[in-house]
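# Observations on chain architecture
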Amino acid sequence: NGSLASSGGTSYHYMQHQWYANASTNVYLPFAASVNESSSTSDVYIDDTVWIPMFNGKLTELKLYTDSDTGSTDLKLSVNGSLGSSMLSGGAVNCSSDKTVYTFTCDQNNTFSSGDVVKLFIEPTNAPLWSTASTKWEIS
């Protein structure tokens, strides 16, 4: 009949982010940049750094793997051009070793609505250089 039945529970959307950043300020994580693009982390490149979700939800977790010691690293969400405060109630994560996976648990300032323009921002002490991250978005 065209309907999709649900047995309840929580649904998630997962994304992969890959980039290079030789700066420790204004590092926006790219969303699905093509292989022909630079995966730029500058917020002026909207084709790389924004996402328009098709659902209401929230970011619940990020796993970060970088080529450098990024030091104290915070995580923030920009929704419709407004950069929010830290999503981490426990404060910034100390990413003190290179080539190590660090987990960011997002439990505040992490919600958005369908059709919002969303940007994901890390604020490291040191430049991350070659990096990859995975994100877990809860669908509500």
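Rules of the game
- Residues numbered from 1 in each chain as written.
- Predicted model: local features only at pLDDT ≥ 70, side-chain atom pairs only at ≥ 80, totals over all residues.
- Heavy atoms only, no water.
- Core = buried A, V, L, I, M, F, W, Y, C linked by side-chain atoms within 4.5 Å.
- Buried < 20%, exposed > 50% of the residue type's maximum accessible area, 1.4 Å probe, protein only.
- Helix = DSSP H or I, 4+ residues; strand = E, 2+ residues; numbered from the N terminus.
- Polar contact = N/O pair within 3.5 Å; in protein donor to acceptor, adjacent residues only side chain to side chain.
- Contact = heavy atoms within 4.5 Å.
- Pairing = 2+ DSSP bridges.

The tendency in soluble globular proteins is for nonpolar side chains to be buried side by side. With 27 residues, the main nonpolar core has Leu75, Phe104, Leu120 and Trp137 as its most contacted residues. Among the elements of the structure, strand S1 (11-21), strand S2 (27-29), strand S3 (57-66), strand S4 (71-79), strand S6 (93-95), strand S7 (102-105), strand S9 (118-123) and strand S10 (129-139) are those that each provide at least two residues to this core.

What follows is about the environment of Ser96. Tracing the backbone shows Ser96 in the loop between S6 and S7. Residue Ser96 is classed as partly exposed on the basis of its relative accessible area, which comes to 41%. Here the alpha-carbon distance between Ser96 and Thr73, two residues 23 residues apart in the chain, equals 9.5 Å.

Structurally, Asp116 can be placed in the loop between strand S8 (111-112) and S9. A polar atom in the side chain of Asp116 sits 2.9 Å from the side chain of Asn80. What Asp116 contacts, discounting residues up to four positions off in sequence, is Trp51, Ile52, Pro53, Val79 and Asn80.

Another point: the pairing of strand S5 (residues 82-86). Of the strand pairs in this sheet, S4 and S5 are connected by three bridges, and their pairing is antiparallel. Each residue of the ladder has a partner; that of Val79, found in S5, is Ser82. Where S4 folds back on S5, the antiparallel hairpin that results is connected by two residues, among which Asn80 adopts a positive phi of roughly 55 degrees.

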